[in-house]
Amino acid sequence: MDLLWVLYSMLTVCMAINLEAPGSHSMFTCESITLRMCQGLSYNTTFMPNLLNHYDQQTAALAMEPFHPMVNLECSTEIRPFLCALYAPVCTEYGRVTLPCRHLCQRAKSDCYKLMDMFGVSWPDEMECSRFPECDESYPRAIDLLPRSDGTEESPSPVQRDYGFWCPRELKMEPDMGYSFMGVRDCSPPCPNMYFRKDELIFARYFIGVISIVCLSATLFTFLTFLIDVGRFRYPERPIIFYAVCYMMVSLVFFLGFLLEERVSCNSASPGRFRASTVTQGSHNKACTLLFMTLYFFTMAGSVWWVILTITWFLAAVPKWGSEAIEKKALLFHAVAWGVPGALTITLMAMNKIEGDSMSGVCFVGLYDLMALRWFLLVPLALDVVVGVVLLLAGVAALNRVRMEIPLEKENQDKLVKFMIRIAVFSVLYLVPLLTVIGCYLYEQSHRSVWETTWVQERCREYHIPCPFQVEQTSRPDIALFLIKYLMMLVVGIPSVFWVGSKKTCFEWASFFNGNRKKEAVHESRQVLQEPDFTQLLLRDANTPVVRKSRGTSTQGTSTHASSTHLAMLDEPPSASTSRASSFHGSLHRSRDGRYTACSYRGVEERVPQGSTLRLNDPLQHCAANRLDSQSRHGSLQRLESQSRHSSVRDLSITAQAIQSSPGNGIHRVVEEDATKA
């Protein structure tokens, strides 16, 4: 019967106690009673936490204060033993937990009910009499005070109970602020970081500050290069600029965190209220909320812009979309790139998942909350990597198939290979840091519980909270893991410099500082992917001569007729080139309204009936005069445009000399023949 009574009592205690985090085991030894109300009873030792989840006697004394008038006025002889049975229970020597009898509770409540109502004190729910065993004995019972049950009983062992993590008084926060730590509400992690020493945190802060300055400089250089020549970076490479802007903001936030130290990420200590410095959580701190919004929003937006970059490369390489066609989807790209991170940011703020990072001085997500780490960091970043890599491999495969199967000119072959190499290098420089960050998050979330248990075991006596019992594994995080994580979070923005870094960029900056703004040839990636001659090469017949069009700032072939004719002559014999130039310039006449009309000089050579010669010569003379008048202006503009739009001035000069030296050269031959006939 005694064994059944012990089992029944222990089961009742487990039902009465609210366990916040089952899974840890705590060991308690008997301690002397310091509660003034419970001194002078038939027992003088107790254990903590008590049956009402007060982890020390000081907390229990504060909770007993409302019952002081009832005890002092002695409304019932049972009220004092009953209260002490709950707030300072007897510590037995057998690991047995006993509860007061139900009849003891009922007598104390009925005798003091009117007096409690007079003082405005209500009977707590956790003290309802139905929670206690059905018996009618005083407390403590005689069996609880026996030193040992019989002569064969082993030496007394401390009381062992399953309590989990208890929030120390120094880390307690005001209710309804949304704070949470290790599954306990109204509790916050200590600040500075609970895992590392002070010297390690100082080194980490300066390390993050230096890396943020480097990344800020690199991404700012990329953005300023774009502002110098906005037309140079069009789709499909325009997302690189927005990608650089996102990580410029990320590095700026980390730099601000370096300057602010712990003033934003941590709550200040309050010694008068027994409050230690704790980590900031939630949206109550406006500065912390602003840092979180900026950092998380642009971190997610940067990864989305990389996915959009792979989409634009895919559209340019596989379906052969031009720059203008891709640019028509820019509104959709911006809606996704800014809308998705914005929705995630608002969701986290609504869920109150903002957490201060005392190591870097910023506010982020997933630092102590594993659920937020998994669903708002690991899942979005992993999804971006998978989608981006699939599109990137599809685009590179399409470009490689073009290079292997379709015969291209050596110049286009070299440009295509160079562009594929740049895509591969840029992607590796982005993916390696991002995959490293994801790996650090995975390692962190898998070892977080072990780190927290180790911290509780090391600090439980200092905080006067239950110590873990039967800990199977202890481990502390390595500072190098966190340094690598912060390094890769910032380095991931530096590859944008690789894309804009070229001799042309140096020339543009030199021209900018010298005050000379010069439009140069279109970027090679757009020449290879989006010029009409490149897309036509993929569809042309093998016997059709190659016609290379202008490489101006537009990637859709907005070239002049003259520049197109000159480039076409480079791929044809001199006689064919001369004939084409002659037929082209002789068959067009520019009227006053700017349009070109047919004005054939071949009609002069034909025989006409007698009497109609005078009538035919008038328009011919008029056409010849117009051509003589506009030849110098039109020819000079053609040469200037072709020289500015082409990277090789030498080829153009050679072509012009060949045209002029040939016996029926273009515009000059047309003008001479028309003048003779006139």
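Look a little higher up for the structure.
So, a few notes on the structure that sits alongside this text. Predicted model only: the values in this text are computed from it and were never measured.

## A closer look at the state of the cysteines
Phase 1 of the analysis: Applying the stated criterion across every chain, the model contains seven disulfides.
Phase 2 of the analysis: Here C38 engages in a disulfide with C84; their sulfurs sit 2.1 Å apart. With the S-S dihedral at roughly -100°, the linkage between C38 and C84 falls on the left-handed side. Taken together, the residues span a long stretch of sequence, with C38 in the loop between β2 (31-32) and β3 (45-46) and C84 in helix α4 (residues 79-87) at a distance of 46 residues. C84 carries the same exposure label as C38, and that label is buried.

## Section: unusual backbone geometry
Phase 1 of the analysis: Of note, the bond from Y139 into P140 is cis; its omega dihedral lies within 30 degrees of zero at -5°.
Phase 2 of the analysis: In this fold, P140 is placed in the loop between α5 (102-118) and β4 (159-161).
Phase 3 of the analysis: With omega at 10°, the peptide bond leading from C191 into P192 counts as cis.
Phase 4 of the analysis: Mapped onto the elements of the fold, P192 is located in the loop between β6 (184-185) and α6 (198-228).
Phase 5 of the analysis: Its identity is not glycine, yet D186 carries a phi of approximately 55°, on the positive side.

## Structural notes on the nonpolar core
Phase 1 of the analysis: Grouped together as the largest cluster of nonpolar side chains are 100 residues, with contacts concentrated most on F165, F254, Y296, M359, F364 and Y441.
Phase 2 of the analysis: Elements that contribute at least two residues to this core include exactly α6, α7 (239-260), α8 (286-317), α10 (330-350), β10 (363-364), α11 (370-405), α12 (410-463) and α13 (479-491).
Phase 3 of the analysis: Sort the elements by how many residues they give to this core and α8 lands first, with 19 residues.
Phase 4 of the analysis: When near neighbours in sequence (up to four residues on either side) are disregarded, Y296 contacts L344, T345, L348, F364, V365, F376 and L377.
Phase 5 of the analysis: Among the nonpolar cores identified, the runner-up in size contains 36 residues, and Y43, L52, A88 and M116 belong to it.

## Section: a nonpolar patch on the surface
Phase 1 of the analysis: Taken together, V417, I421, V425, L429 and F498 make up a surface patch of nonpolar side chains, about 360 Å² in accessible area.
Phase 2 of the analysis: Of note, F498 is situated in helix α14 (residues 495-500).
Phase 3 of the analysis: By relative accessible area, which is 31% here, F498 ends up partly exposed.

## Quick word on helix α2 (residues 57-64)
Phase 1 of the analysis: Those residues of α2 that fall on the buried side of the exposure criterion are Q57, A60 and M64. Each buried residue of α2 sits inside an arc of 55° when the element is viewed along its axis, so together they form one side.

## With respect to the packing of α6 against α7
Relative orientation and spacing of two packed helices are given, respectively, by the angle between their axes and the distance between those axes.
Phase 1 of the analysis: Interhelical geometry of α6 versus α7 gives an angle of 150° and a closest axis separation of 8 Å. By the angle class used here, α6 and α7 are roughly antiparallel. Along this stretch, α6 crosses α7, giving a crossing that reads as left-handed.
Phase 2 of the analysis: Its residues assigned to classes, the contact of α6 with α7 comprises 17 nonpolar, five polar and one charged.

## Here we look at the pattern of salt bridges
Where charged atoms from two side chains of opposite charge approach closely, those side chains can pair.
Phase 1 of the analysis: Inspection of the entire model under this criterion finds 16 salt bridges.
Phase 2 of the analysis: Between E134 and R102 there is a salt bridge, and its shortest N-O distance comes to 3.1 Å. In this pair, E134 sits in the loop between α5 and β4 while R102 sits in helix α5, placing the two residues 32 residues apart along the sequence.
Phase 3 of the analysis: The exposure class of R102 is partly exposed, given its relative accessible area of 23%.

Conventions we followed
Residues numbered from 1 in each chain as written. Predicted model: local features only at pLDDT ≥ 70, side-chain atom pairs only at ≥ 80, totals over all residues. Heavy atoms only, no water. Disulfide = S-S within 2.5 Å. Helix = DSSP H or I, 4+ residues; strand = E, 2+ residues; numbered from the N terminus. Buried < 20%, exposed > 50% of the residue type's maximum accessible area, 1.4 Å probe, protein only. Core = buried A, V, L, I, M, F, W, Y, C linked by side-chain atoms within 4.5 Å. Contact = heavy atoms within 4.5 Å. Patch = residues over 30% accessible without salt bridge, like charges linked within 9 Å, V, L, I, M, F, W, Y side chains within 5 Å. Areas by Shrake-Rupley, 256 points an atom, 1.4 Å probe, with all protein chains shown as cover. Salt bridge = Lys/Arg side-chain N within 4 Å of Asp/Glu carboxyl O. Arc of directions from axis to C-beta. Axes fitted to C-alpha atoms, helices over the stretch in contact; angles between N-to-C directions. Parallel < 35°, antiparallel > 145°, perpendicular 65-115°, else oblique. Left-handed = near helix turned anticlockwise from the far one by under 90°. Nonpolar A, V, L, I, M, F, W, Y, C, P; charged D, E, K, R; others polar.

So yeah, pure geometry; function would need other evidence.
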